[in-house]
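An overview of the molecular structure
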Amino acid sequence: MSEQTVQRSPNGVEKQTNVTASTPTQTGVVDEVVMVIERGEAQPVALGNIEKGLTALWQAAGKPRPGEAEPPVSRACVFNLVICVTGQENLPDVTETIAQITWGYPCRAIVLVRQPDDTTNQLSAAISAHCQLPTSTGKRVCCEQITIVGSGSAAEGLWSLVLPLLVPDLPVVLWWPSDPDLSSHQFARLLEVADSLMVDSRTFANPTQTFARMAEISHSEYTDTSFSDLCWARLTPWRALLAQFFDIPRYLPYLQQVDRVEIDYEAPNDDNNPNFSEALLMVGWLAKLLGWQPAFNLQRRGMDAQLILNQNGSPLTVLLHGHNHRTDELGGITQVRLVARQSLPDNTHRNATFTVSLAEDYERATLTVEEDGSPASSRSAMIARRSRTDLLCENLSVMGRDLLYEEALELAGEFSQK
């Protein structure tokens, strides 16, 4: 037989592999243990027997084998993870991500697969397991995945199947990998049972509109639900590097008078409606920390955009520049530049430019300061590329509301409404 495992290589890359070992042929539930737990295959199950099937499966897996004092498998679960995707073609990628997440965050994953264009109008379900490498005691820690596929009209009622399948008294995280339809009944009912919502605003068709609606939701009927965004996690190293400039006391006064902010980002070629959600969140973060307020609507010009903010009564220009260097990182920031000045005792000004620029290998950044009267200075810093699993795990590590993110989100949503 073979067991499905998740391994982390020395460079941090995780992958799913199959490890083969021989076993005698068995029957009944034990066959399902071999197939589901040790081979990592999905086992079809009747909708009404999902919980019963899982219980029988884990009971059989929890019994010691002949000649062994303890069972080789241990079941683990610290939260419920509910995922909603459209189309079976997205299921393998989501399943692989779940297997990687459970390395550090074991959970019960409930995957809802919507196929609204399928005319069969039926529901089907399957159970599977994700197991880590054996520990020093030889025991594997495993957790479970329940997959429910809804076709045609049945796709709209998938939410009703979730509540009975949740592990009681554990947090519920709702992960919506694609652009969420915030006005849909399905989304609203799933959000009602969730303690946390995770989205990826790189998938948003209209970032400012969706940001505004998410902010509205978070301040209304879902005040106890935490909201998070993979793009916010992508900005973590950028925010840290920008803040480092102003850890130096002589540069801190420049934050009182920022004249211009320029952000370069990866945009699709010839796209008149690009997604610059990361850039908007970056501006929202700066605006929250420095007290800037939206003044005029965001103006789009193809891949570029311009925004005017109110900085203590003075206009501040924000420019977003789109380019096409890396199409596999669409929406990703590649450079942030702050142009600022500070007043001197003789009523003159000193100008300075602070730049964080991503290197061509996308794993290093160059931090540069150009100040009047001083030679330009620069240094390098690591800014490692992270997988979707890494970003999800960063968000999962924050159990509770991230008020700074929510405030940046609210400002980002206001940029097109003034």
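Provided above is the structure to which this section pertains.
Below is a short write-up of the structure. Predicted model only: the values in this text are computed from it and were never measured. (Residues numbered from 1 in each chain as written. Predicted model: local features only at pLDDT ≥ 70, side-chain atom pairs only at ≥ 80, totals over all residues. Heavy atoms only, no water.)

A few points about the layout of surface pockets
For the largest pocket, the calculated volume is near 680 Å³. Those elements giving two or more residues to the lining of the largest pocket turn out to be helix 6 (230-234), helix 7 (236-245), strand 17 (333-343) and helix 9 (388-396). Residues that form the lining of the largest pocket fall into these classes: 15 nonpolar, 7 polar and 11 charged. (1 Å grid on protein atoms, 1.4 Å probe; cavity = no way out; pocket = protein on both sides within 12 Å on 5 of 7 lines; lining within 4 Å. Points joined across faces, edges and corners; volume = space filled by probe spheres on them. Helix = DSSP H or I, 4+ residues; strand = E, 2+ residues; numbered from the N terminus. Nonpolar A, V, L, I, M, F, W, Y, C, P; charged D, E, K, R; others polar.)

Concerning helix 8 (residues 277-290)
With 14 residues, helix 8 extends 20 Å from end C-alpha to end C-alpha; this agrees with the ideal 20 Å at 1.5 Å per step. Most of helix 8 sits inside the fold, with 11 of its 14 residues counted as buried. Taken together, the buried positions of helix 8 are occupied by Ser277, Glu278, Ala279, Leu280, Leu281, Met282, Val283, Gly284, Trp285, Leu286 and Ala287. One or two residues past the end of helix 8 sits Gly291, with phi positive at roughly 75°. (Expected span 1.5 Å × (residues − 1). Buried < 20%, exposed > 50% of the residue type's maximum accessible area, 1.4 Å probe, protein only.)

Concerning the pairing of strand 7 (residues 123-132)
Of all 10 residues that make up strand 7, 8 are buried, and the element is covered over most of its length. As defined by bridge partners, strand 3 (residues 43-45) adjoins strand 7 across 3 bridges and the pair is classed as antiparallel. Paired with Pro44 across the bridge in strand 7 is Ala126. In the sheet, strand 7 pairs with strand 8 (residues 140-151) via 9 bridges, with the strands oriented antiparallel. If you follow Cys131 over to strand 8, its bridge partner there is Cys142. (Pairing = 2+ DSSP bridges.)

Quick notes on unusual backbone geometry
Phi angles above zero are rare outside glycine, and Asn121 is one such case at about 50°. Mapped onto the elements, Asn121 comes out in the loop between strand 6 (107-115) and strand 7. Phi angles above zero are rare outside glycine, and Asn347 is one such case at about 70°. As for its placement among the helices and strands, Asn347 is situated in the loop between strand 17 and strand 18 (349-358). Given the relative accessible area of 72%, Asn347 is considered exposed.

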